[in-house]
Each structure stands twice: as structure tokens, then as C-alpha cells.
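Listed here are the chains, written in short residue letters.
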Amino acid sequence: RAIGKALRPWPWCLIGGRAVEVWTNPPQTPDVDVLAAVDDEHVPLAVKRMKAVGMKLNDWATGLGSPMLFFAHKQTKVEVDVIGAYDELHFAVIREAVQRNVRRVGFRVGHAEGIVMLKAQAATDLGRAADKRARDRRAIYNIAASVRLRKPYIRTMLATHGWTEEAALLRL
């Protein structure tokens, strides 16, 4: 609820390991990753709004037009990463996110195909730690085993947006 309230001015959705859990098991990660339509000029307001709901800013990166803001809840210590969307495919994932409810808490989560594409992006990032890339590949496998994916949709989206490495990883 707190994240939704803080990020209300911008379109956003849950991605990352917690989003994987919506589509399959097992749990992927203790932190919460959010993809949001925020850019560098929104950082001061986004930080202010996140602090107002009990978040502490731990770190940030800006300058490329798509900030990354790293928070932790002051009481629970749950980490929340707000990732600024920078690619049209990111904006498509946000636009096409679906509403889910867990324990009477409603939130928007990237659809299964969107999460698979974002996990493929992470899994092909050679600057990312090998164990995290392996976890990303396992998440893709788990979603594919649990959900009937729209493979033509994934193939079209990746091709349209030039995500060739990701398409190769997914064998599309």
C-alpha cells in the first residue's frame, strides 16, 4: 500500500523476484523491485513521497534520464528499489501490467510475459553477478513452467525493440 501511495503520480508496476512470485513459486528475493515512469526530474518528489510512507533513501543513481532509487523501510527494513523506465518495452510492461491482490492489498504487477522479458534482460547483462543471472534464468524457467506464455507476443516485442540477446536467450 505504501509504495502505491508514494508512487501514485507515476505509472508503475511490480517487477523482479516479487513479481515472479505472483506467477510461480518459489520465492525469489526478499526485496521489492518497482518499474516506474519516473525520470531524473522526478527524483526529489519521488524521494519525498517515499520518505512520507516510512522509506529511507539508501542510495541512488541518476544522470541517464532513468533514475534508480534504493530505499529501505525504516521499521521492517524491507528494501524497495524504484527503477526508472528508459526503454519503450519498459513502458509497455507498465502499461500492460495487471491488477493483483494478495492479503487484501491490491497492486499492479508486470504480466508474465513482461516479467520474462525483463528477467531475460537481466540474465544477459554481463555486468551482473553470475549467481544473479542464474537466478534470473531459473525465474524464466519457473514462469514458463507455470504459465501459458504468449510466445508470439514476446517474440514480436523483443524484435520490435531490438532486444536480440534476450530473444536468443529465450530461443525465440
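The following refers to the structure shown. The structure presented is a predicted model; accordingly, all values stated were derived computationally and were not measured.

Notes on the pattern of salt bridges
- Evaluation of the coordinates by the stated rule reveals five salt bridges.
- A salt bridge links Lys 119 to Asp 136, with the nearest nitrogen and oxygen atoms 3.1 Å apart. Within this pair, whereas Lys 119 is found in helix 5 (residues 112–123), its partner Asp 136 is found in helix 6 (residues 130–146), the two being separated by 17 residues in sequence.
- On the basis of relative accessible area, Lys 119 is assigned to the buried category, the value being 12%.
- The salt bridge involving Asp 136 is made with Arg 128; its shortest N-O contact spans 2.8 Å.
- What makes Arg 128 partly exposed here is its relative accessible area of 26%.

Describing the packing of helix 5 against helix 6
- Interaxial distance between helix 5 and helix 6 falls to 8 Å at its minimum, and their mutual angle equals 155°. Here helix 5 is positioned roughly antiparallel relative to helix 6, judged by the angle of their axes. For helix 5 against helix 6, the interelement crossing comes out left-handed. The residues of helix 6 that touch helix 5, namely those facing Ala 112, Ile 115, Val 116, Lys 119, Ala 120, Ala 122 and Ala 123, are Arg 133, Asp 136, Arg 137, Ala 139, Ile 140 and Ile 143.
- Its residues assigned to classes, the contact of helix 5 with helix 6 comprises nine nonpolar, no polar and four charged.

About the thresholds
Residues numbered from 1 in each chain as written. Predicted model: local features only at pLDDT ≥ 70, side-chain atom pairs only at ≥ 80, totals over all residues. Heavy atoms only, no water. Salt bridge = Lys/Arg side-chain N within 4 Å of Asp/Glu carboxyl O. Helix = DSSP H or I, 4+ residues; strand = E, 2+ residues; numbered from the N terminus. Buried < 20%, exposed > 50% of the residue type's maximum accessible area, 1.4 Å probe, protein only. Axes fitted to C-alpha atoms, helices over the stretch in contact; angles between N-to-C directions. Parallel < 35°, antiparallel > 145°, perpendicular 65-115°, else oblique. Left-handed = near helix turned anticlockwise from the far one by under 90°. Contact = heavy atoms within 4.5 Å. Nonpolar A, V, L, I, M, F, W, Y, C, P; charged D, E, K, R; others polar.

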